Amino acid sequence: MSNAPVFQNTYTALPAHFYHRQGAEHVPQPELIAVNNELARFLNLDSDWLQSPAGLDMLSGRAFPDSADPIATVYAGFQFGSWNPQLGDGRALLIGEVIAQNQQRYDIQLKGSGRTPYSRGGDGKSPLGPVVREYILSEAMHALGVPTTRALAAVTTGEPVYREEALPGAILTRVASSHIRVGTVQFFASRKDTDGLRALCDHVIERHYPDCRDSDTPIQALLRGIIERQAKLIAQWQGLGFIHGVMNTDNMLLCGETIDYGPCAFMEAFDPATVFSSIDHGGRYAYGNQPHIGHWNLAGLAQALLPLLHDDEDEAVKIAQAEVNRYPDVHVQAYQNILARKFGLGDYLDEDDALATDFFDLLKQERADFTLAFRRLAEHAAGTDTVKTLWDFTPAFSDWLERWQQRTDDSQQSEAERADTMLASNPLFIPRNHRVEEAIRAANQGDFAPFHRLNALLQKPFADNIENLDYARPAQPDEAVSQTFCGT
Ligand code: AMP
Ligand code: MG
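On a predicted model such as this, the values are computed, not experimentally measured, just so you know.

Rules of the game
Residues numbered from 1 in each chain as written. Chains lettered and ligands numbered in written order. Predicted model: local features only at pLDDT ≥ 70, side-chain atom pairs only at ≥ 80, totals over all residues. Heavy atoms only, no water. Salt bridge = Lys/Arg side-chain N within 4 Å of Asp/Glu carboxyl O. Helix = DSSP H or I, 4+ residues; strand = E, 2+ residues; numbered from the N terminus. Buried < 20%, exposed > 50% of the residue type's maximum accessible area, 1.4 Å probe, protein only. Domains from an automatic or database assignment. Contact = heavy atoms within 4.5 Å. Buried area = accessible area lost by both parts, 1.4 Å probe. Arc of directions from axis to C-beta. Core = buried A, V, L, I, M, F, W, Y, C linked by side-chain atoms within 4.5 Å. Donors = N, O, S within 2.8 Å, 3.2 Å for Na, K, Ca; no water.

Asker: Now, about the pattern of salt bridges: what can you tell me, with residues and values included?
Answerer: For the structure on display, the rule yields 27 salt bridges. Glu139 is the salt-bridge partner of Arg150, the closest N and O atoms lying 2.7 Å from each other. Of this pair, Arg150 sits in strand β8 (residues 150–162) while Glu139 sits in helix α4 (residues 128–143), and the two are 11 residues apart along the sequence. Residues Lys318 and Glu315 are paired through a salt bridge, measuring 3.4 Å at the closest nitrogen-oxygen approach. Linking Lys318 with Glu315, this pair stays in helix α9 (residues 313–325), spanning three residues, or about one helical turn. The class of Glu315 is partly exposed, set by a relative accessible area of 31%. Overlapping salt bridges, with partners in common, bring together Arg435, Glu438, Asp470, Arg473 and Glu479 in one network.

Structural data, given as structure tokens:
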């Protein structure tokens, strides 16, 4: 006996101009690529039902359980610095919400399910490639311990999607704590819809920041909470060499989860100027610029919240400024905590700045692979040598390694504790771009084995999985992926 999901729909309880109700759409021949059983269990969803004909109908947007109330939500956003007053779910559909085993509420959303009033010139569909990419990347990020939207399922639609060429169509079922974005706040603010803004903030507080209810200044507390989560999130990306690639304000969630795996990629050879996105000509969203862009986006959020921060405009600006000014400290603190774990320092001391900076300078100079260099350092601490055949310290690192040894000898941590922390903070496996491309290429030919293999392997990114060491290897020159593209 398998059970259909029972959805709740708190977003449709918000004012009608927050969303558009959107019915099912017929796709010719849906076929299941994957159901994420572990995530289904966590969400109290029945995997057997998801894999049944009725489940496939839902995952492909053909028909929904009675409790679903599918909608496309509206938002706006700054895209590459330019204001776009009207965006929205142009190729996504929020089916409803479920309560998971942690008692938290999660959105279940289809991505690539067809046109909505917010599609503008787009077809509302998604080719298979971006669906495979998002599934792999978002699940890998989760396994790496990063707050992120997740992938519950992927299906092909049996229908071609036309880009430069005809590609197989697909739909991803995405899960998020909510899909409410900085750009959602900006949508209501830009229309001077203060009632809408207030209703949205009440909803966000209820759902993601319940502690703010007890504050004398709940909106200020909300702003502070969002800034803290984003500052910490971006620090986590940096610690993994992750480049989001399209940090527009419509791609920044108020719940603090990573969203939009369009042009993202993991850096291999360390260089803060690294950019992959084909449309990021100015390097606005380069690896090293991400903390700065986060600050800029959050200043935009604060500006949008001004009408709710204080009745007096000057006072409101002062409050907003004070909260936004906290960002650099929160971010640096989070980043230092991550570095302390990656370098095995115990507590991060002021003088560790020089140790870290010199390491990064050496990585850049030696064109060292970011992930392997840190993993090698962790192995060095643990006295193991799995990655040694893939990457090892060059002579240029000798002085630095001596300094590191000295510093760690002086720390309070035991050697065993240090090794454990470092091995659990420096992954062996990340979704390498050429492996993701390989999985996409095979999927386009109807072969999902590389997708399943890569996805399974990336569920244990810190494991000393020596049989699969080739997946830890950086791209050879002829495999290197130099550019990524938005999924559109
Ligand atoms: P993104 O670049 O993915 O952040 O998307 C920016 C905006 O374009 C969002 O409002 C999307 O809903 C919309 N969009 C992207 N791709 C499509 C598509 N194929 N059809 C309709 N709308 C799209
Ligand atoms: Mg987006």
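Asker: Any details on the domain arrangement of the chain? Residues and values, ideally.
Answerer: When its domains are assigned, the chain resolves into domain 1 (10–176) and domain 2 (182–325). Each of domain 1 and domain 2 has a C-alpha centre, and these two points are 22 Å apart. Each partner contributes to the interface: domain 1 provides 36 residues, whereas domain 2 provides 38 residues. Taking both partners together, domain 1 and domain 2 bury about 3000 Å²; carbon and sulfur atoms supply 64% of that area.

Asker: Pulling in residues and values, what's your account of helix α14 (residues 415–423)?
Answerer: Among the residues of α14, Arg418, Ala419, Thr421 and Met422 are the ones counted as buried. For α14, the angular spread of buried residues about the axis comes to 165°, placing them on one side. Among the exposed residues of α14, those pointing more than 90 degrees away from its buried face are Ala416 and Asp420. For α14, the elements touching its buried residues are α10 (327–343), α12 (370–382) and α13 (398–409).

Asker: Give me the nonpolar core: which residues, what numbers.
Answerer: Membership of the largest hydrophobic core comes to 123 residues, with the highest contact counts inside it found for Phe343 and Leu363. Broken down by element, this core gets its largest block of residues, 11 residues, from helix α7 (residues 218–240). Viewed by domain, this core spans two of them, domain 1 (10–176) and domain 2 (182–325), each represented by three or more residues. In this structure Leu363 touches Phe270, Ala368, Phe370, Ala373, Phe374 and Phe397, once residues within four positions along its chain are discounted. Ranked by size, the runner-up nonpolar core spans 25 residues in total, among them Phe7, Trp49, Leu152 and Val155.

Asker: Residue-level account of the coordination of the magnesium ion (ligand 2), with values.
Answerer: The protein atoms that coordinate the magnesium ion (ligand 2) are Asn251 (OD1) and Asp260 (OD), at distances spanning 2.2 to 2.4 Å. Asp260 carries the same exposure label as Asn251, and that label is buried.

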